[in-house]
Amino acid sequence: MDSQPDQRHSTEPAWNERHGDVEVVRLLKKRITELEAEIKAYEDLLAELPDVFERRFQQRLEPLMERYQLLAEQVDQEQNERPQQAALPGTSEPDNVVRFPGLRLPKFLQRQQRSA
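This write-up is about the structure you can find in this document. (Residues numbered from 1 in each chain as written. Predicted model: local features only at pLDDT ≥ 70, side-chain atom pairs only at ≥ 80, totals over all residues. Heavy atoms only, no water.)

## Observations regarding the overall build of the protein chain
When its secondary structure is counted, the protein chain shows three helices and zero strands. When its helices and strands are written in sequence order, the protein chain yields α-α-α. (Helix = DSSP H or I, 4+ residues; strand = E, 2+ residues; numbered from the N terminus.)

This is the structure we're talking about:
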């Protein structure tokens, strides 16, 4: 007698279980699709990352390059004016001063500047 009440209340009908399984499968497939879309978005961001770093580097490098170029132009201008000043009588410069050649932009920096 104990087994009869358990059989009536223990499980739902078989068609209802199948319907529930179909719904679970549908929800899982939907979730898989959402996760695949999210993974694709992350992969796209990762693919863009080197370009983002390159642009940011160029943005930070540009003001430094401008300052360096202005400094190089100023040194060139001073060197061009020195021979004229030395030719003037009465100007004397100490003999123990070491003069360095003008600053030149390194080749790799010039390439960066041209490509910008």
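From this point, the narrative continues.
## Details of a nonpolar patch on the surface
Among the surface-exposed residues, Leu 46, Leu 49, Val 52 and Phe 53 lie close enough to one another that they form a single nonpolar patch of about 390 Å² accessible area. Secondary-structure assignment places Val 52 in helix H2 (residues 14-87). (Patch = residues over 30% accessible without salt bridge, like charges linked within 9 Å, V, L, I, M, F, W, Y side chains within 5 Å. Areas by Shrake-Rupley, 256 points an atom, 1.4 Å probe, with all protein chains shown as cover. Salt bridge = Lys/Arg side-chain N within 4 Å of Asp/Glu carboxyl O.)

## Some points on the pattern of salt bridges
Within this structure, the stated rule accounts for three salt bridges. Linking Arg 26 and Glu 23 is a salt bridge whose minimum nitrogen-to-oxygen distance equals 2.6 Å. With Arg 26 and Glu 23 both in helix H2 and three residues apart, the pair spans about one turn of that helix. The shortest N-O distance in the salt bridge between Lys 40 and Asp 44 comes to 3.0 Å. In this pair, Lys 40 and Asp 44 both sit in helix H2, four residues apart, roughly one turn of the helix. Asp 44 gets classed as partly exposed once you look at its relative accessible area, which sits at 35%. (Buried < 20%, exposed > 50% of the residue type's maximum accessible area, 1.4 Å probe, protein only.)

That's the geometry; what it means functionally is another story.
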